[in-house]
Amino acid sequence: GIHIHGICKFLLLSTEPEFELYITPVNLDPEKPAMAISYPAVYSTYLAKRQGSFATLGLAEDSWALNEKVLYDESFIQQCIETDNEREKMFFDSLDKVKRGLCVCVFDGTDRIQHTFWRDIDHEHPARSEEREENAIEELYKRMDVLVGKTVAKCKDKNTVLMIISDHGFNTFRYGVDLNRWLEENGYLKLKEDGREQKHLAGVDWSQTRAFAIGLAGIFLNLKGRESQGIVSGGEEASQLRDEIAGKLAGLSDPEREQKVVKQVYNALKIYKGPYKNEAPDLIVGYNKGYRASWETAIGQVTDRIFHDNTKAWSGDHCIDPSLVPGVLFCNRRINAEQPRLMDIGPTVLDMFGVAVEKHMDGKALAVADADSDVKDKKKAEKK
């Protein structure tokens, strides 16, 4: 056997009437990691010795403990703040050392807080508590504004380009949609006699199922040759089935709230390219505001109804139609593009460093004004 070093944090929840102690999931110790968690491998050790231990899990903020009411709101917010503080120390250490080149840092708090506290700003959300008067999202952005200010102060060189980029936007997640129940009601999925509520699609009768859903992305056809018990032939049969399901699903409405549920259904073979597009869901569901794949759909569990109130703290999401979750892009230089896209950022950075943009990349380099032209434009504007 071997010894593995881990770290965790403890939070005393109560001593009476019973003793309750919350413990975070165990993280790999960054100072003595059981396997490489950074590149170069010694980098995590350097950071730990410089700033102390820090969270190393991919999702260190325990949102599921909040969903299950093990953690309270303020405790979870504090967990998010502490994680961002750890990241801030790493960021400024790197920024001080990178005299020329690219420095990138991801701050998780904007994602975690908006996922779990959208209920603070959505008065119609099923998880909203009238007793809660705080606005965690507003307080989050105040903290982020301070971080941006500190970063701008560090970027004194006129040739330094600063970009603040979100990799996705957010919207409310009020109601879950059980896609498998919808497929069942429309004759595309069949359950075994005792199959309802079984997880991981274990209750599905594959001999009579033509389509199924799992995860948050969309719907798969039960294709021969791709799925282990596929019954749908490729080619024309599969193409017709995709169009048929997409057409019906696009008309789905929520009878209780009299709302259109789906904004658009995307055919993966038409919107994706590359060698792995056949592994994608056959159909991607672009939900309307307020709707998302249900928690049960995500784990392949078929319930007895299509719509479910989302009463969990995880009240905001971005797994809906992309037109309803635009991200943000701030830059200290003028960007000459009407509609810049996230996929354009990579080619833009390569182009700024004089590196050729590979032809296989989907994005295009954005035209970013240089510092001198920006100054001239500002002077012209001031004169006008």
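Before any of the text, the structure's been laid out above.
Note that this is a predicted model, so its numbers are computed, not measured. (Residues numbered from 1 in each chain as written. Predicted model: local features only at pLDDT ≥ 70, side-chain atom pairs only at ≥ 80, totals over all residues. Heavy atoms only, no water.)

J.: Is there a simple way to explain the overall build of the protein in this structure?
T.: Scanning the protein from terminus to terminus reveals 11 helices and 16 strands. Along the first, second and third principal axes, the C-alpha atoms of the protein reach 65 × 60 × 50 Å. For the protein, with 384 residues in total, the buried portion stands at 41%. The long-range share in the protein, meaning contacts at least 24 apart out of those at least 6 apart in sequence, stands at 62%. Only carbon and sulfur atoms are counted for the fraction: they give 52% of the accessible area of the protein, which is about 22,500 Å². Put simply, the protein has 52 plus and 62 minus side-chain charges, and the middle of one group is 8 Å from the middle of the other. (Helix = DSSP H or I, 4+ residues; strand = E, 2+ residues; numbered from the N terminus. Buried < 20%, exposed > 50% of the residue type's maximum accessible area, 1.4 Å probe, protein only. Contact = heavy atoms within 4.5 Å. Areas by Shrake-Rupley, 256 points an atom, 1.4 Å probe, with all protein chains shown as cover. Lys, Arg positive; Asp, Glu negative; His and termini not counted. Charge placed at Lys NZ, Arg CZ, Asp CG, Glu CD.)

J.: Which parts of the structure should I look at to understand the side chain of Ser294?
T.: With respect to the helices and strands, the residue Ser294 is situated in the loop between strand S13 (290-293) and helix H9 (295-298). The class of Ser294 is buried, set by a relative accessible area of 1%. Engagement of the side chain of Ser294 in a polar contact is seen with the side chain of Thr297, the distance being 2.9 Å. Not counting residues within four places of it along the chain, the set of residues in contact with Ser294 comprises Gly176, Val177 and Asp178. (Polar contact = N/O pair within 3.5 Å; in protein donor to acceptor, adjacent residues only side chain to side chain.)

J.: Which parts of the structure should I look at to understand the sheet that holds strand S12 (residues 283-287)?
T.: Sheet strands associate in pairs through backbone hydrogen bonding, adopting either a parallel or an antiparallel arrangement. On the basis of which strands lie adjacent, the open sheet formed by four strands has the order S7-S8-S12-S11 and antiparallel pairing. Of all strands in the sheet, those with a lone pairing partner are strand S7 (211-214) and strand S11 (262-267), marking the two edges. Ignoring which end each strand starts from, the neighbouring axes of this sheet average 25° apart. Where strand S8 (residues 218-221) meets S12, two bridges bridge the pair, whose relative direction is antiparallel. Paired with Gly218 across the bridge in S12 is Ile284. Lying over the sheet, helix H7 (residues 236-250) contacts S7, S8, S11 and S12, oriented at roughly 170° with respect to S11. (Pairing = 2+ DSSP bridges. Axes fitted to C-alpha atoms, helices over the stretch in contact; angles between N-to-C directions.)

J.: Explain the nonpolar core here, please?
T.: Where a protein is soluble and globular, its nonpolar side chains tend to be buried together. Within the largest apolar cluster, 38 residues are counted, with the highest numbers of intra-cluster contacts made by Val177, Ile219, Ile245, Leu249 and Tyr287. Secondary structure elements with two or more residues in this core: strand S6 (171-177), helix H6 (179-185), S7, S8, H7, S11, S12 and S13. Element by element, the count of residues in this core is highest for H7, at five residues. If we ignore the near neighbours within four places in the chain, the residues touching Val177 are Leu252, Val261, Tyr287, Tyr291, Arg292, Ala293, Ser294, Thr297, Ile306 and Phe307. One finds Ile77, Cys80, Leu147 and Phe170 within the second-largest nonpolar core, a separate group that totals 20 residues. (Core = buried A, V, L, I, M, F, W, Y, C linked by side-chain atoms within 4.5 Å.)

J.: Would you take a moment to explain helix H10 (residues 345-352) for this structure?
T.: Note: α-helices contain 3.6 residues per turn, so residues at a spacing of three or four share the same orientation. Among all positions of H10, only Ile345, Pro347, Thr348 and Val349 are buried. Looking at the buried residues of H10, the elements they touch are strand S5 (163-165) and strand S16 (329-331). Positioned one or two residues after H10, Gly354 has a phi angle of 75°, which is positive.

J.: Please explain the pattern of salt bridges as it appears in this structure.
T.: Side-chain pairs of opposite charge can arise whenever the charged atoms involved come near each other. Counted under the stated rule, the structure contains 35 salt bridges. Close ionic contact of Arg174 with Asp122 constitutes a salt bridge, the shortest N to O distance being 2.8 Å. Placement of the pair is Arg174 in strand S6 and Asp122 in the loop between helix H4 (109-117) and helix H5 (136-154), with a sequence separation of 52 residues. Using a relative accessible area of 10% as the deciding quantity, one classes Arg174 as buried. Look at Asp122 and you get buried, because its relative accessible area is 6%. Residues joined in a network through salt bridges with shared partners are Asp73, Glu74, Arg119, Asp120, Arg132 and Glu134. (Salt bridge = Lys/Arg side-chain N within 4 Å of Asp/Glu carboxyl O.)

J.: For this particular structure, what's the right way to read the state of the cysteines?
T.: Formally, a disulfide is one covalent bond, and it connects the sulfur atom of one cysteine to the sulfur atom of another. Summed over all chains, the structure comprises zero disulfides. For the unlinked cysteine Cys80, the closest cysteine sulfur is that of Cys105, found at 15 Å. Taking the relative accessible area as the measure of exposure, Cys80 reaches 1% and is therefore buried. With no disulfide of its own, Cys105 lies 7.2 Å from the sulfur of Cys103, the closest cysteine sulfur. (Disulfide = S-S within 2.5 Å.)

J.: Before we go on, may I ask you to explain a nonpolar patch on the surface in this structure?
T.: On the surface, a cluster of nonpolar side chains totalling about 530 Å² of accessible area is made up of Phe10, Leu12, Phe19, Leu21 and Ile23. When contributions to the nonpolar patch are tallied by element, the ones reaching two or more residues are strand S2 (10-14) and strand S3 (20-23). Secondary-structure assignment places Ile23 in strand S3. Residue Ile23 is classed as partly exposed on the basis of its relative accessible area, which comes to 41%. (Patch = residues over 30% accessible without salt bridge, like charges linked within 9 Å, V, L, I, M, F, W, Y side chains within 5 Å.)

J.: Which parts of the structure should I look at to understand the packing of aromatic side chains?
T.: The geometry of an aromatic ring pair comes down to the distance between the two centres and the angle between the two planes. Under the counting rule described, the total for this entry stands at 13 aromatic pairs. Relative to Tyr46, the ring of Tyr43 lies with its centre 6.0 Å away and its plane at 20°, an arrangement referred to as stacked. On the criterion of helical spacing, the pair formed by Tyr43 and Tyr46 is a turn pair, its members being three residues apart in helix H1 (residues 43-51). Exposure remark for Tyr43: the relative accessible area of 28% places this residue in the partly exposed category. Each ring, one from Trp206 and one from Phe212, has its centre 5.1 Å from the other, and the planes form 85°; the classification is edge-to-face. For Phe212, a relative accessible area of 6% translates into the label buried. (Phe/Tyr/Trp six-rings, centres within 6.5 Å; stacked < 30°, edge-to-face > 60°.)

J.: Just to check I follow, could you spell out the pairing of S3 for this structure?
T.: Both faces of the sheet carry side chains from a regular strand, because those side chains alternate between them. Inspection of the sheet shows S2 paired to S3 by four bridges, in the antiparallel sense. If you follow Phe10 over to S3, its bridge partner there is Ile23. Counting the residues that bridge the hairpin from S2 to S3 gives five residues.

Scope: geometric values only; no functional claims are made or implied.
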